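Read off the chains here:
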Amino acid sequence: MVSSSFRFSIDRGGTFTDVYAEVPGESGFRVVKLLSEDPQNYPDAPREGMRRILEAVTGETFPKESFNADKIEWIRMGTTVATNALLERKGAKTTLVTTKGFRDLLQIGNQSRPKIFDLEISKLDLLYEEVVEVDERVRIVREDEKSSHNSGLEIVEGTTGEKFAVLAKPDLAVVRQELNAVFEKGIRAVAVVFLHAYAFPEHERQIGVIAREIGFEQISLSHEVMPMVKMVARGDTTTVDAYLTPHIRNYLQSFRSGFSDNLEKTQLLFMQSDGGLTDSGKFKGSNAILSGPAGGVVGYAVTTDLGQPVIGFDMGGTSTDVSRYGDDYELVHETETAGVRIQAPQMHIKTVAAGGGSRLFFRNGLFEVGPESAGAHPGPVCYRKEGYMAVTDANLVLGRLHPQYFPKIFGPNENEALDLDASRNAFEKITAEINEYSKERELPEMSLEEVALGFLRVANEVMVRPIREISVMRGFDIKEHALACFGGAGGQHACSIARELGISKIFIHRFS
């Protein structure tokens, strides 16, 4: 009988969840791999993984619905819950409260035009659904005004020591009325972003009090989330915080509720975007974007002692994250992820919506991969859940995935392998569609395997671009790097990616 404390490290991805356990009295790890979502068989993948390991080691029975965590010392988790919600725009309904006249500021952004010659620019959806403009305004007092006391304006000192003139104070009665109207539409998250609030937060605090009295569940004030200059980046970061924090909080509540003691005596820590761990109570949207990917950077930085710089290639189910490690971690303080500018310390990681679960489409004569993801539920066709055709299916029909070596966790009893026949049937249908299109234009027909390989080439090209962006475009010679490959789908694409980039060494850790 084992009575000492277990320690769990968990990587909760969009498609698969890996649970690693340090078992008392044993060296090494116990590892369990599960689908991140499988509601027919368990309510929560990380908890289910811990339950199975506890049962295997202790010989006791732990119920699926809820069990006591008295044998668990700590849980450390890296999760892509926030990343995937941002990529797929599945966060909370949010309203933006901003200074009058600036309602379109975040939509306009910084006016950068990365695709200046593109004839059809497609913008990602905004994170907020409603905008409330507040007639409030402060401005910095100029040097030549500081000696004058005849302006008639209220002069206040900000948190930075700068002097501000209050041009207009918010009419709190009007604000309350407008926020009530938004609340009645079912919106429960609010992001408050005022001009100069990084140094003069009083007006934001007043709006926060009103929003709390009305009953908004998530109130993100820009001076609390990121008290820095540059209203666009500060506003985007605050909006992300309001948009994702409810999603994260719901997951945390659901996770804790699965333990009968609500993890009161167990330390629950989450990886942040900057590579550090934080208590679950301080884990929020603005520092959670790269939680899972940042853990990967720390992992390969510690394990790859190759005497040369390393490119991290983390291909999961929903997204692919690429990074670079030389002599130290590379941090950035202003980034753009999924079309959103974020001003917060983060690992320098580029994320693209291409992974093993990325869906495959044939549109207007073009092979397209993603950004839509099949996820873990229903997942790709081969997951036996009547899912969508995805990159994983293409790898399966080409023999790059072997069902006999893949975890048998599919089907109603979680004991069946990947369904090769279902994947082939799906590809036969899309191959027929492609050949019909080709016949009309007198183009050569393609075999099923050629179609599958064509989709993989498109996916590889999508993933190669950010690798070049973090290396070649920053002046590094990509051929001097090794490729550290990890993530559920990484091994299936590592050689193709390395060949495309001219990299000669690939490092795959046994726990990757």
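Here the structure is shown first, and the text comes after it.
Residues numbered from 1 in each chain as written. Predicted model: local features only at pLDDT ≥ 70, side-chain atom pairs only at ≥ 80, totals over all residues. Heavy atoms only, no water.

> What's the story with the overall build of the protein chain in this structure? I'm lost.
What the protein chain contains, in helices and strands, is 12 helices and 24 strands. Relative to a compact globule of 512 residues, whose C-alpha radius of gyration would be 24 Å, the protein chain shows 25 Å and is just as compact. Its C-alpha atoms give the protein chain principal-axis dimensions of about 80 × 70 × 50 Å. Split into buried and exposed, the 512 residues of the protein chain put 53% on the buried side. Partitioning the contacts of the protein chain with sequence separation of at least 6, the portion at a separation of at least 24 is 67%. The positive charge centre, built from 57 side chains, and the negative charge centre, built from 72, are 1 Å apart in the protein chain. (Helix = DSSP H or I, 4+ residues; strand = E, 2+ residues; numbered from the N terminus. Rg over C-alpha atoms; globule rule 2.2 N^0.38 Å. Buried < 20%, exposed > 50% of the residue type's maximum accessible area, 1.4 Å probe, protein only. Contact = heavy atoms within 4.5 Å. Lys, Arg positive; Asp, Glu negative; His and termini not counted. Charge placed at Lys NZ, Arg CZ, Asp CG, Glu CD.)

> Is there a simple way to think about helix α12 (residues 490-501) in this case?
Because each turn of an α-helix spans 3.6 residues, side chains separated by three or four positions end up pointing in the same direction. Compared with an ideal rise of 1.5 Å per residue, which puts 12 residues at 16 Å, α12 spans 15 Å between its outermost C-alpha atoms and is within 8% of the ideal. Among the residues of α12, those classed as buried are G490, Q492, H493, A494, S496, I497, A498 and L501. Here the buried face of α12 lies against β14 (310-315), α9 (391-397), α11 (448-470), β23 (482-486) and β24 (506-507). Remark: G502 follows α12 within two positions and exhibits a positive phi of approximately 80°. (Expected span 1.5 Å × (residues − 1).)

> Would you take a moment to explain the environment of E65 for this structure?
Along the chain, the position of E65 falls in the loop between α1 (45-58) and β4 (72-79). On a C-alpha basis, the gap between E65 and D44 in space is 9.2 Å, while along the polypeptide they are 21 residues apart.

> What is the right way to look at the side chain of D18 in this model?
Mapped onto the elements of the fold, D18 is located in strand β2 (residues 16-22). On the accessibility criterion, D18 (12% relative accessible area) is buried. Of note is the side chain of D18, whose polar atom sits 3.0 Å from the side chain of K33. Not counting chain neighbours up to four residues away, the residues in contact with D18 comprise S9, I10, D11, V32 and K33. (Polar contact = N/O pair within 3.5 Å; in protein donor to acceptor, adjacent residues only side chain to side chain.)

> Just checking my understanding: could you explain the packing of aromatic side chains for this structure?
Centre distance and the angle of the planes are the two values used to describe a pair of aromatic rings. The final tally for this structure, using the stated rule, is 19 aromatic pairs. Between the aromatic rings of Y300 and F486, the centroid separation amounts to 5.8 Å while the plane-to-plane angle is 40°, which identifies the pairing as tilted. Here F486 lies in strand β23 and Y300 lies in helix α8 (residues 291-303), a separation of 186 residues in the sequence. Pair check on accessibility: Y300 and F486 agree, each one buried. Cluster of aromatic residues (ring-pair linked, three or more members): F62, F67, Y251, F255 and F259. Positioned over the ring face of W74 is R76, at 3.8 Å from the centre of the ring. (Phe/Tyr/Trp six-rings, centres within 6.5 Å; stacked < 30°, edge-to-face > 60°. Lys NZ or Arg CZ within 6 Å of the ring centre and 35° of its normal.)

> What exactly am I supposed to notice about the nonpolar core here?
A general tendency of soluble globular proteins is for nonpolar side chains to be buried together. Ranked by size, the top nonpolar core spans 67 residues in total, and within it F8, M50 and F255 carry the most contacts. Within the second largest apolar cluster, 38 residues are counted, among which are I430, I470, A494 and I497. (Core = buried A, V, L, I, M, F, W, Y, C linked by side-chain atoms within 4.5 Å.)

> Would you mind showing me how to read the sheet that holds β24 here?
Where strands meet in a sheet, backbone hydrogen bonds hold them as pairs that are either parallel or antiparallel. Taken together, 5 strands build an open sheet; the order of strands is β20-β15-β14-β23-β24 and the sheet is mixed. Strand pairing shows two members of the sheet lacking a second neighbour, β20 (349-352) and β24, which therefore form its edges. Bridge analysis of strand β15 (residues 320-325) against β20 gives 4 bridges, and the strand direction is antiparallel. In the sheet register, T320 faces β20, and the bridge partner there is V352. Helix-sheet contacts for α8 involve β14, β15, β20, β23 and β24, and the interaxial angle to β15 is about 40°. (Pairing = 2+ DSSP bridges. Axes fitted to C-alpha atoms, helices over the stretch in contact; angles between N-to-C directions.)

> Help me understand the pairing of strand β1 (residues 6-12) in this model?
In summary, the side chains of a regular strand alternate between the two faces of the sheet. Only one face of β1 is covered, namely the face carrying F6, F8, I10 and R12; the face carrying R7, S9 and D11 is uncovered. Pairing of β1 with β4, which is carried by 7 bridges, proceeds in the parallel orientation. Of the residues in β4, the one forming a bridge with R12 is T79. With antiparallel pairing between neighbouring strands as the criterion, β1 and β2 make up a hairpin whose turn holds 3 residues.

> Hey, could you run me through the pattern of salt bridges in this one?
Where charged atoms of side chains with opposite charge meet at close range, the side chains can pair. Under the defined criterion, the tally for this structure stands at 28 salt bridges. The closest approach of N and O atoms between E73 and R7, which form a salt bridge, is 3.0 Å. Here the residue E73 occupies a position in strand β4, and R7 occupies one in strand β1, the gap between them amounting to 66 residues. The shortest N-O distance in the salt bridge between E330 and R474 comes to 3.0 Å. Highlighted residues: E330 in the loop between β15 and β16 (331-332) and R474 in the loop between α11 and β23, separated in sequence by 144 residues. (Salt bridge = Lys/Arg side-chain N within 4 Å of Asp/Glu carboxyl O.)

> What is the right way to read unusual backbone geometry from this model?
Leaving glycine out, the prevailing phi sign among residues is negative, and the prevailing peptide bond configuration is trans. Here L263, not a glycine, exhibits a phi torsion of approximately 55°, which is positive. Mapped onto the elements, L263 comes out in the loop between α7 (231-257) and β12 (267-271). In the Ramachandran plot, N364 falls in the positive-phi region, its phi being about 50° despite a non-glycine side chain. Along the polypeptide, N364 turns up in the loop between β21 (358-363) and β22 (366-373).

> What am I meant to see in the packing of α11 against α12 here?
A packed helix pair is summarised by two numbers, namely the angle formed by the two axes and the spacing between the axes. Where α11 contacts α12, the axes come no closer than 10 Å and their chain directions differ by 55°. On the basis of their axis angle, the class for α11 and α12 is oblique. Considering how the two elements wind past one another, α11 and α12 form a crossing that is right-handed. Contacts between α11 and α12 pair L456, N460, E461, M463, V464, I467 and R468 from the former with H493, S496, I497, E500 and L501 from the latter. Across the contact of α11 with α12, the residue classes break down as 6 nonpolar, 3 polar and 3 charged. (Parallel < 35°, antiparallel > 145°, perpendicular 65-115°, else oblique. Left-handed = near helix turned anticlockwise from the far one by under 90°. Nonpolar A, V, L, I, M, F, W, Y, C, P; charged D, E, K, R; others polar.)

> Sorry, what's going on with helix α5 (residues 202-214) here?
Spanning 13 residues, α5 covers 19 Å between terminal C-alpha atoms, matching the ideal 18 Å at 1.5 Å per step. When we look at burial in α5, the residues that qualify are H203, E204, I207, G208, I210, A211 and I214. One side of α5 carries all its buried residues, which in axial view fall inside an arc of 165°. Opposite the buried face of α5, by more than 90 degrees, sit the exposed residues R212 and E213. G215 lies just past α5 and shows a positive phi near 120°. (Arc of directions from axis to C-beta.)

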